[in-house]
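# Descriptive structure summary
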Amino acid sequence: MDASLRRELGAHLRAAREQVTPAQAGLDGGGRRRTPGLRREEVAALAGVSVAWYTWLEQGRARTTRQVLDAICRVLGMDAAAHRHTLSLAGFLPAAPRAGRAPIVVGEATRALVDGWATTPAAVLDERFDVLAANRAYRLVWGDPDAAPAGWRNALLLLAAPHVGGGPYRVVAEEPLLRGLYEQFRADTAHWPDDGRAAEIVALLTKERPDAAHWWECRAVQDFAPITAAVEGARQGLRLTFSLLRPVAEHGLYVFAHTPADERSREALAALIG
């Protein structure tokens, strides 16, 4: 494991530690605390390691074993996705192919699948959520990604800044959707802390939405689960279920589908698409 990954692992563990209360770890609160979450010495004691060694681990200065990391993940109450991410950062599980190593080409079958969903907005994304292809329904609802500035042709960015895409609709209460997507984005890109494009996306998110800077600084990871959200526009409002699907035969791709959540939304999309 190289130094950048050790630092990323340490930052990930520190962020997770700060989210756990003493009560959640089965400890007395211990009085007033200057910083949130558990203390390093508490994690070390519960995981059965020395305080000095755990401190070095958070600082990216120590190597570890899978058994010790499993114990730390249990102490920090990590769910399956965060636990898997921790093991992957430490090199105990395979990481995804390095982002940006080679251009990703959308296969004909995946493109035909997306284009065939007449009343379901859908796009093909890479692991950074950059938009590689989009069907007509997607462009009518969210605008044409190709018309956005090059750095902004990204599903996460376009949802965070709908004015950039130029489409007639926007998500009403976007926090659950943006956070869910961002936690999947981090799970996919944190293995490559030197990836320039991922860093650019985070910088643009922070610039566009400084009010949500704490989201972009958070190192939480999670497998994206379908989220239903209200969408409003110049015409009738919609309810869409946002899902991420992976084509089995095309590694490194997602299909980002926005399925009408009820019959009224389906009819409204059909009228928009014509």
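Conventions we followed
Residues numbered from 1 in each chain as written. Predicted model: local features only at pLDDT ≥ 70, side-chain atom pairs only at ≥ 80, totals over all residues. Heavy atoms only, no water. Core = buried A, V, L, I, M, F, W, Y, C linked by side-chain atoms within 4.5 Å. Buried < 20%, exposed > 50% of the residue type's maximum accessible area, 1.4 Å probe, protein only. Contact = heavy atoms within 4.5 Å. Helix = DSSP H or I, 4+ residues; strand = E, 2+ residues; numbered from the N terminus. Polar contact = N/O pair within 3.5 Å; in protein donor to acceptor, adjacent residues only side chain to side chain. Pairing = 2+ DSSP bridges. Phe/Tyr/Trp six-rings, centres within 6.5 Å; stacked < 30°, edge-to-face > 60°.

## Remarks on the nonpolar core
Judged by nonpolar contacts, the single largest core of 45 residues is most densely connected at L125, F129, W142, L181 and F242. Here L125 is in contact with D130, V131, L132, A155, L244, G252, L253, Y254 and F256, once residues within four sequence places are set aside. Within the second largest apolar cluster, 28 residues are counted, among which are V49, A71, I72 and L89.

## Thoughts on the side chain of H191
The topology assignment puts H191 in the loop between helix 10 (175–189) and helix 11 (196–208). Here the side chain of H191 touches A187 through a polar contact of 3.3 Å, landing on its backbone oxygen.

## Concerning the pairing of strand 4 (residues 227–233)
Sheet analysis places strand 3 (residues 169–171) next to strand 4, joined by three bridges and oriented antiparallel. Along strand 4, the bridge assignment pairs V171 with V231. Direction of pairing for strand 4 relative to strand 5 (residues 238–245): antiparallel, over a ladder of five bridges. Among the inter-strand pairings, I227 is bridged to a residue of strand 5, identified as F242.

## Details of the packing of aromatic side chains
Within the structure shown, the criterion is met by seven aromatic pairs. An angle of 25 degrees between the planes, with centres 5.6 Å apart, marks the rings of Y182 and F185 as stacked. With a gap of three residues between them, Y182 and F185 both fall in helix 10, about one helical turn apart. With a relative accessible area of 1%, F185 lands in the buried category. Among the aromatic residues, those joined into a cluster by ring pairs are F129, Y182, F185, W215, W216 and Y254.

The quantities given are spatial measurements derived from coordinates; they are silent on function.
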